Amino acid sequence: MSVVAEPNTMRLPEERTTGAMPGYHIAIFALLLGLALIAPFFLYPVFLMKVMCFALFACALNLLLGFGGLLSFGHAAFFGGAAYVSAHAAKVWGLTPEVAIILGTLSGALLGLVIGSFAIRRQGIYFAMVTLAFAQMVYFAALQMPFTGGEDGIQNVPRGDLFGVISLNSDMSLYFMVLAIVFGGLLAIYRIIHSPFGQVLKAIRENEPRAISLGYRVNNYKLTVFVLSAALAGLAGATKAIVFQLASLTDVHWSMSGEAVLMTLIGGMGTVFGPLVGAAIIVTMQNYLASLGAWVTIIQGFIFVIAVLLFREGVVGLIAKRLRRPL
Amino acid sequence: MGGKSDHDIILAAENLTKEFRGFVAVDGVNLSVRRGQIHALIGPNGAGKTTCFNLLTKFLQPTRGKITYAGKDITNLLSADIARLGLVRSFQISAVFPHLTALENVRIALQRKRGDSFDFWRSQKILSRFDNEALALLEEVGLAEFAHHEATELSYGRKRALEIATTLALNPDMLLLDEPMAGMAQADVERITALIKRISANRTILMVEHNLSVVATLSDTITVLARGKVLAEGDYATVSQDPRVVEAYIGAGHG
């Protein structure tokens, strides 16, 4: 093609480069918040809290996968590891829930720093394999170490009193704390994606050798996003442990990592809102189809195959493509 | 450092060698690039030109040899750190960030002025302070009207122009251009040739190029590589009449 021939190009809206949050994104966030505020009066709050925890977990994975271009198969290690730490802190140390959750989040970040430092030295499938291998180590540690309670996990974790004053024993007060955490987490992810850091991250994902040749030490950026993603996955896991009063081997099992990947792909990898939709779909299916037993997994697999064959961009990815706007 | 002539050398490679499992891609190459010149690296396919480039910018680690840039030994530096010293390379296939707008592409390079961009808690709105500078650079390569188009939508020639604008944003002392004209239509070749000539005013350029008329127009010095070794060196007139070059390059390639 020559410069003389005019290619079929499209001018993008100005807000795309200025980094201001576009109006329709603000509208979607407001709509989500509005729905979340009235939902517990119509639906079972514990179910909704489960959806929110998994939504945050999937969004954390999507930050790494969709915006960092790095596929981790080991995010259960951060989710479950943080769940154990937060459950232990609340139950054994008797700490208030918010402190337990913060400790859980920090443990996720720390674990992310260790695993990430090894994983980012490899690329593509090898990166995924390194994360999986480390996650399996965390799983076996959880199985063997005394503080995790082995097969039993840590049960009967007290929900405690928020800041030592507000009792979380009512599902409603707990619900609004979880909503604040998850919504805050989403806004944090949104900001990370739309920060100077996020811009470099995008460049690295799009063309890594070029980013290097412009003087960016790409491994430091990859490690940073890995740690951020691990911390947010930890936040989700730690919150989940308080909500269900339980941290167990399920949380660190490799299938938990798989579920986060599944939610991200179904909802739309690399979209802001996709993982929320993906998490809602998967958790709803698990909950309402639970009576079908093993069939849930088969139905999930079937939906996944359909999704990959028919709409690879995921539900939200597909809508975004139709609307020609990033969602 | 000996006399004045040594002082003029901005980039030097001594006995540069790269072996891949017994195959020697670059074999004891000595190369000196003078400050301010346009220096071309030519040779038939498989001569080791691109490997040489990858070694000089440390995208590959040399098996043996030493690389000096502006008097500093860079043999053991990271690629990103070499770029920070002002030695910036381009790639054979056009190296843009496809789903960033032209303006954003250039801004990624300008952003380096802030140092590292690890501030994930700030809004990218603060990057708009680089917009005017980015626009001026786009203007310079004739892309101002495409500032808000995604790079992937630009024509091939425009992508290469965008790549040059991005590279210029770093204001490097030396550019390594890997086949800047590869796959380009004639109209674009002339445009980019003029552009390279213009940006070479206060810079040093080392380029790999197959288009011999471009090489003849632009280069002050030409080094001919064949089978990983330096075959000849000199200006276009000298090199093009060297019988070994005619045999290895023109004879074999265009016989």
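The following refers to the structure shown. Since the structure is predicted, the reported quantities are computational estimates derived from the model, not experimental observations.

### Re the overall build of chain B
- Each helix and strand counted, chain B has ten helices and ten strands in total.
- The C-alpha atoms of chain B give a radius of gyration of 19 Å, which matches the 18 Å a tight globule of 255 residues would have.
- Principal-axis analysis of the C-alpha atoms places the extent of chain B at approximately 60 × 40 × 40 Å.
- A buried classification covers 55% of the 255 residues belonging to chain B.
- If you take every contact in chain B between residues at least 6 apart in sequence, the share linking residues at least 24 apart comes to 65%.

### Considerations on unusual backbone geometry
Residue and element names in this part refer to chain A.
- The backbone phi angle of glutamine 245 is positive, close to 55 degrees, even though this residue is not glycine.
- Along the chain, the position of glutamine 245 falls in the loop between helix H10 (218-244) and helix H11 (249-252).
- Residue class for glutamine 245 comes out partly exposed when judged on its relative accessible area of 30%.

### Quick word on the environment of A:Arg325
Residue and element names in this part refer to chain A.
- The topology assignment puts arginine 325 in the segment after helix H15 (314-323).
- Accessibility expressed as a relative area gives 40% for arginine 325, which makes it partly exposed.
- When the C-alpha atoms of arginine 325 and leucine 12 are compared, they prove to be 9.5 Å apart, with 313 residues separating the residues in sequence.

### Some thoughts on a nonpolar patch on the surface
All names here are of chain A.
- On the surface, a cluster of nonpolar side chains totalling about 1000 Å² of accessible area is made up of Leu31, Leu33, Leu35, Leu37, Ile38, Phe41, Phe42, Leu43, Phe176 and Tyr288.
- Broken down by element, the nonpolar patch gets its largest block of residues, five residues, from helix H2 (residues 23-38).
- Inspection of the secondary structure puts phenylalanine 42 in the loop between H2 and helix H3 (45-65).
- When its relative accessible area of 69% is taken as the criterion, phenylalanine 42 is described as exposed.

### Regarding the packing of aromatic side chains
- Inspection of the entire model under this criterion finds 19 aromatic pairs over all chains.
- Ring geometry for A:Phe29 versus A:Phe273: centroids 5.1 Å apart, planes at 65 degrees, classification edge-to-face. Of this pair, A:Phe29 sits in helix H2 while A:Phe273 is found in the loop between helix H12 (254-267) and helix H13 (274-288), placing the two residues 244 residues apart along the sequence. By the burial criterion, A:Phe29 is buried, and A:Phe273 matches it.
- Taking the centre distance of 5.7 Å and the plane angle of 35 degrees together, the rings of A:Phe54 and A:Phe79 count as tilted. Of the two residues, A:Phe54 sits in helix H3 while A:Phe79 sits in helix H4 (residues 76-91), which places them 25 residues apart along the sequence.
- Pairwise contacts between aromatic rings join A:Phe197, A:Tyr216, A:Tyr221, B:Phe118, B:Phe120 and B:Trp121 into one cluster.
- Between the NZ or CZ atom of B:Arg89 and the centre of the ring of B:Phe59, over which it lies, the distance is 4.9 Å.

Definitions and limits used
- Residues numbered from 1 in each chain as written.
- Chains lettered and ligands numbered in written order.
- Predicted model: local features only at pLDDT ≥ 70, side-chain atom pairs only at ≥ 80, totals over all residues.
- Heavy atoms only, no water.
- Helix = DSSP H or I, 4+ residues; strand = E, 2+ residues; numbered from the N terminus.
- Rg over C-alpha atoms; globule rule 2.2 N^0.38 Å.
- Buried < 20%, exposed > 50% of the residue type's maximum accessible area, 1.4 Å probe, protein only.
- Contact = heavy atoms within 4.5 Å.
- Patch = residues over 30% accessible without salt bridge, like charges linked within 9 Å, V, L, I, M, F, W, Y side chains within 5 Å.
- Areas by Shrake-Rupley, 256 points an atom, 1.4 Å probe, with all protein chains shown as cover.
- Salt bridge = Lys/Arg side-chain N within 4 Å of Asp/Glu carboxyl O.
- Phe/Tyr/Trp six-rings, centres within 6.5 Å; stacked < 30°, edge-to-face > 60°.
- Lys NZ or Arg CZ within 6 Å of the ring centre and 35° of its normal.

None of the figures reported here should be taken as evidence of function without further support.
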